[in-house]
Amino acid sequence: MNGWTTLETGGTSYAMVDVRGLLADDLDRLPYVLRILAENCWRHQDAGAAEASVGALRAWGRGGEASIDVMPDRLLMHDTTSTPALVDLAAMRDVVARRGGDPASLVPVLPIEVSVDHSLAVEAYARPDAVAVNQALELRRNEERFAFLKWASGAMKGVSINPPGTGIMHTLNLEQFATVSTVLPGPDGVDGPVVAPDFMLGTDSHTPMVNGLGVLGWGIGGLEAELIMLGIPTSLRLPDVVGVRLSGALTAGASATDLALVVTERLRRLGVAGRFVEFFGPGVSTLSVGERGVVANMAPEYGATTGFFPVDAAVGRYLTATGRPAEHVALVEAHARAAGLWRTDADEPEYPEVLEIDLGSLRRSASGPQRPQDRLDLADVPSSLPVGNPGAPAGADGVPAFPVALASITSCTNTTDPRQLVTAGLLARRAREWGLTAKPWVKTSLAPGSPAAVRYLERAGLQEDLDALGFDIVGFGCATCIGNSGPLPEPIATLAARGEVRPVAILSGNRNFPGRVNPSLDLAFLMAPPLVVAYAIVGDATADVADGVLGTTADGREIRLADLWPDPAEVDAALASGLRAEDFGEAFAQARASESWAGLEAATGALYPWDEASTILQPPEFVTGDTSCLLGRYTATPLLVLGDDVTTDHISPASAIPRDSFVADYLVERGEDRGDLNVFASRRGNWKVMMRGAFFNKNLRNALGAGVEGGLPTGYTVVAGSHEVLPIFEVAARYRGEGRSAIVVAGERYGMGSSRDWAAKAQRLLDIRAVLAASFERIHRSNLVGMGILPLVVTGDDLALVQSLGVDDTVEIDATAIAPEASVPVVAVIGGVRHEIAARAAVETEAEVALLEAGGAVPFILDRTERAAAVPASGAGASEVIEQGNHDGNDG
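Please read these numbers as outputs of a predicted model, since none were measured by experiment.

**Some thoughts on the overall build of the protein chain**
On a plain count of helices and strands, the protein chain comes out with 33 helices and 31 strands. For the protein chain, whose C-alpha radius of gyration is 26 Å, the value lies close to the compact-globule estimate of 29 Å for 892 residues. Each principal axis of the C-alpha atoms in the protein chain carries an extent, and together these give about 85 × 75 × 55 Å. With an accessible surface of roughly 29300 Å², the protein chain has 49% of that area assigned to carbon and sulfur atoms. Within the protein chain, one finds 71 positive and 112 negative side-chain charges whose respective centroids are separated by 2 Å.

**Some points on the confidence of the model for the protein chain**
Confidence in the prediction for the protein chain averages 94 pLDDT; 97% of positions are at 70 or higher. Counted against residues more than four places away or in other chains, residues 873-892, with its pLDDT under 50, gives 37 contacts.

**Some points on unusual backbone geometry**
For the peptide bond that leads from glycine 368 to proline 369, omega is 10°, which places it in the cis range. Relative to the helices and strands, proline 369 is located in the loop between strand E15 (365-367) and strand E16 (375-377). Glutamate 490 connects to proline 491 through a cis peptide bond whose omega is 5°. Within the fold, proline 491 resides in the loop between helix H16 (463-468) and helix H17 (492-497). Backbone geometry at valine 180 places phi at a positive 70°, although glycine is not the residue there. With respect to the helices, strands and loops of the structure, valine 180 is situated in the loop between helix H6 (169-177) and strand E7 (181-184).

**Regarding the pattern of salt bridges**
Evaluated as defined, the whole model comprises 64 salt bridges. Ionic pairing is found between glutamate 350 and arginine 29, a salt bridge with its closest N-O pair at 3.5 Å. Of the two residues, glutamate 350 sits in the loop between helix H12 (326-338) and strand E14 (353-358) while arginine 29 sits in the loop between helix H1 (19-23) and helix H2 (32-44), which places them 321 residues apart along the sequence. Note on glutamate 350: relative accessible area 44%, which makes it partly exposed.

**Side note on the sheet that holds strand E13 (residues 276-280)**
The strand order across the open sheet built from 3 strands is E13-E12-E14, with neighbouring strands paired in parallel fashion. Unpaired on one side and paired on the other, E13 and E14 mark the two borders of the sheet. In this sheet, adjacent strand axes meet at a mean angle of 25° when their direction is disregarded. Where H2 meets the sheet, its contacts fall on strand E12 (241-247) and E13, and the angle it forms with E13 comes to roughly 120°.

**Thoughts on the environment of tyrosine 318**
Residue position: tyrosine 318 is located in helix H11 (residues 313-321). Here tyrosine 318 falls in the buried class, since its relative accessible area comes to 12%.

**Observations concerning the nonpolar core**
Counting 200 residues, the largest nonpolar core has Phe695, Tyr750 and Ile813 as the members making the most contacts within it. It is helix H4 (residues 79-98) that contributes the most residues to this core, 9 residues altogether. Tyrosine 750 has contacts with Leu642, Val646, Ile651, Phe695, Val744, Gln763, Val771, Ala773, Ser775, Phe776, Glu777 and His780, leaving out every residue within four places of it along the chain. Among the nonpolar cores identified, the runner-up in size contains 98 residues, and Leu385, Phe471, Leu488 and Ala546 belong to it.

**Points about the packing of aromatic side chains**
Taken as a whole, this structure holds 16 aromatic pairs when the rule is applied. Between phenylalanine 177 and phenylalanine 588, the aromatic rings sit 6.3 Å apart at their centres with planes inclined by 80°, giving edge-to-face as the arrangement. Placement of the pair is phenylalanine 177 in helix H6 and phenylalanine 588 in helix H21 (residues 581-592), with a sequence separation of 411 residues. Note on accessibility: phenylalanine 177 and phenylalanine 588 belong to one class, buried. Ring geometry for phenylalanine 662 versus phenylalanine 729: centroids 5.6 Å apart, planes at 45°, classification tilted. On the criterion of sequence distance, the pair formed by phenylalanine 662 in helix H25 (residues 662-668) and phenylalanine 729 in helix H27 (residues 728-738) is long-range, its members being 67 residues apart. Through successive ring pairs, a cluster of aromatic residues spans Phe662, Phe680, Phe696, Tyr716 and Phe729. Over the ring of tryptophan 565 we find arginine 364; its NZ or CZ atom is 4.0 Å from the centre of that ring. Directly above the ring of tyrosine 634 sits arginine 769, whose terminal nitrogen or CZ lies 3.7 Å from the centroid.

**Some points on the sheet that holds strand E26 (residues 741-745)**
Sheet architecture is closed into a barrel: 7 strands sit in the order E23-E26-E27-E28-E31-E30-E29, paired in mixed fashion. Taken over all neighbouring pairs, the strand axes of this sheet differ in orientation by 35° on average, direction set aside. Sheet analysis places strand E28 (residues 790-793) next to strand E31 (residues 833-841), joined by 2 bridges and oriented antiparallel. Opposite valine 793, over in E31, you have arginine 840 as the bridge partner.

**Some words on the side chain of glutamine 45**
Summarising the element assignment, glutamine 45 is placed in the loop between H2 and helix H3 (47-58). Separated by 3.2 Å, the side chain of glutamine 45 and the backbone nitrogen of alanine 50 make a polar contact. A distance of 2.7 Å separates the side chain of glutamine 45 from the backbone oxygen of aspartate 69, its partner in a polar contact.

**Details of H27**
Those residues of H27 not exposed but buried are Ile728, Phe729, Val731, Ala732 and Tyr735. Along the long axis of H27, the arc covered by the buried residues comes to 160°, so they all point the same way. Elements that come into contact with the buried residues of H27 comprise strand E23 (632-641), H25, helix H26 (687-692), strand E24 (716-718), strand E25 (725-727) and E26.

**Things to note about the environment of leucine 852**
Secondary-structure assignment places leucine 852 in helix H31 (residues 846-854). Through-space distance from the C-alpha of leucine 852 to that of leucine 784 is 9.3 Å; in sequence the pair is 68 residues apart. Contacts of leucine 852, omitting those with residues within four sequence positions, involve Cys629, Leu631, Val785, Gly788, Ile789, Leu790, Ile818 and Val843.

Basis of the calculations
- Along every chain, residues carry numbers that run from 1 in the direction the sequence is written.
- Selection of residues for local features in this predicted model requires a pLDDT of at least 70, selection of side-chain atom pairs for listing and counting requires 80 or more, and totals for whole chains, interfaces and linings are taken over all residues.
- As a rule here, side-chain values cover all heavy atoms of the structure and leave hydrogens and water aside.
- Helix and strand labels come from DSSP, where a helix needs a run of H or I of at least four residues and a strand needs a run of E of at least two; each type is numbered from the N terminus.
- To get the radius of gyration, use the C-alpha atoms; to get the globule rule, take the number of residues to the power 0.38 and multiply by 2.2 Å.
- What sets the accessible areas is the Shrake-Rupley method with a 1.4 Å probe; for residues, cover comes only from the shown protein chains.
- Only four residue types enter the tally: Lys and Arg on the positive side, Asp and Glu on the negative side, with His and both chain ends excluded.
- Charge positions are represented by NZ for Lys, CZ for Arg, CG for Asp and CD for Glu.
- What pLDDT conveys is the predictor's confidence in a given residue, as a value from 0 to 100.
- Any pair of residues with heavy atoms lying within 4.5 Å of one another is described as a contacting pair.
- Put simply, a salt bridge is a Lys or Arg side-chain nitrogen that is within 4 Å of an Asp or Glu carboxyl oxygen.
- Throughout, exposure labels follow a simple rule: accessible area from a 1.4 Å probe, protein chains only, divided by the maximum for the residue type, with under 20% read as buried, over 50% as exposed, and the rest as partly exposed.
- Only when DSSP finds a minimum of two bridges between them are two strands counted as paired.
- Here, axes are lines fitted to C-alpha atoms. For helices the fit covers the stretch in contact, and angles between N-to-C directions go from 0 to 180 degrees.
- Nonpolar core, defined: a set of buried Ala, Val, Leu, Ile, Met, Phe, Trp, Tyr and Cys residues in which side-chain atoms within 4.5 Å join the residues together.
- Aromatic pairs are defined between Phe, Tyr and Trp rings, using the six-membered ring for Trp, whenever the two ring centres lie within 6.5 Å; interplanar angles under 30 degrees are classed as stacked, those over 60 as edge-to-face, and all others as tilted.
- Criterion for a charge above a ring: Arg CZ or Lys NZ at most 6 Å from the ring centre, at most 35 degrees from the ring normal.
- Polar contact is the term for a pair of N or O atoms within 3.5 Å; when the atoms are in protein, one must be able to donate a hydrogen and the other to accept it, and sequence-neighboring residues count only if both atoms are side-chain atoms.
- This arc corresponds to the set of directions leading from the helix axis out to the C-beta atoms.

Below, the structure written as structure tokens:
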């Protein structure tokens, strides 16, 4: 068949897409990510569509616009994104059944791995039983939700649940799920097994971490995942690819974290939102896959879709080190070379923009105190704090004014790289030898991405040293990074409540937005794991950790960071003594055989038995209620007017539910314990809670409250006409009753942060028809479209005008005819004066137009399922028709 060829390796014959032949003379100039997309288009689309897509890819960089449809071969989700997506599917099954269809026909057509890793809270810490205590609490608090996931794995073919304790999803992706080259059944007309690039998507923004292993993948929202689950390809504009050329090598004292923070700083400054990023140059060869993964993980922080490192010899070394069979490692290299996917230092693909980074020039860095792109030299951390400002705290009871309240080695960002953990362990060993300990007010924690970390840290003798400084393992989950840091320690909590201190978090994660790691903290710094240990020792964010004194020995010797930092040879020796390839598979298998998970009772059957009294799971109104199209011509009232950098944490928080909030009141009225309400993320299966939690963030600034004495309370806004101050969800309900449309206005980078589909779902439930912003982060923009909400880009003086809207002003929008990137007529009526506004639909493809016209992803899926069930004569049910769409690409 044209476009296919044969690969003979290891005594087996494989069919493979002939990427070299398809791209011909354009192969060498095209970035590797485009070569992989060409392979995917050819394998999944029918002949005509495939030829058009490959032709568009060959013409890349030579002008012209095009979109392509791609289809991953697997999906990856974590528990708090999979829950709402699977709840949607369960509710859609109810609708299908009520309409007389077969609910079991609504079933995923590709493998879905779910990692239960976002529900672990750091309650117990600095004690040897912390893992057991925290995991027991996790199961008790989330039992109903976990049982639902277990039902889904039984009711929906291909859904596999990895229980608590197996590791963080991105670490599992690297260590267990990723194949780099995957073997699949061949499509019709192709004989034998097919070998193809391992292309996947995940419902977490940090999915690009697997790019460090040469696997193309990126983060998507749960709504896009729902479409893909049912065989509907994802449509994207032909991507712009930025090249980052690395030269030199990291010096002693610099780490992959420092590289990641520099990349984040410089790419944010360049502007790569929605673009692909690919790394090349001789410096790439000096980085291990673990180090590459740290850089790739932070792609959403620098705004990119990917942070891709192509396949090379380091990939084979990593696969071997994590226990993959030798014959598979050989297949990966043979396939990559044959398909034109093997990287060398001499490769120079054509990129429209290239960023140069000399690895040898990097210094120890931190980012903060409120955004990951705000990189600092380590020595500059103290000067970044608001010390000396009016109202700055003075400290009390022996606690400094800016104490390090949390010191957490956490997140897949760094713990997936054994070198980072081993370096932290060796620094802890030196500190222990000198008699240094963590300050008593510091909450210390270590949450590795993989249970294999326990084995290599113990084998190298380093876990005991980490434990001595309070860095006992607290579990294997996202924990502090996602806001599950647990309560602040005393006396910090009391002093902070009195305004006498302003606590600071130090973590080895990827995000430090105000309130993210803990609702009581608005200052946080990202840095490498060994530096987290150093800050735990000094306990003061204003201290000079780079060059100053960290502590004093019993005999009066002053100890500095240079006295504690291990040299590269020590790190190499510890890695050699600690790492064992068999550990990765054995530790994962042991964790997966969880007795508590096996004993969890779950429902069975095609339909989920909803409990009307549940505060955890309810069929969402946007599935069972009004799903009509939100386009058209209308006059709208601003529900909120916001500024720059509104994150998905602001729109749909994941932190602990405040016990004194109206959200808590709602739950307590339904029998919940006010002292144990868990986090917002645990309630993502209940739309009634999540609607109330929308925009519930104390750091959100709503300009409509500018005239309100004392400012707006958290989660409140102002009512047009009466000027009452009410909870946002109550104002939305009032507007709905009055037949009034609502919009949101924002500034730059609206929706940055986590790939949280609830940030869009909540806005749909608040009857928001459009969002006007200067720019949108990629995943949130896609999620808005998936909920039928129109994202509109407004810039310059026009943005200033709409951001000056008052609660009694209105906006007239004519969205009767939408096309990708087309202008949309908008008029802002401010103080009775009409202002024409230049607005552009932030809609990229015709497929997205179709979603908006359908009213969003849910009605699109339901309509498609109903049409598929009505196909005459063939006898094929909806599942067969949907599965066919997975191969022929006609359903995008």
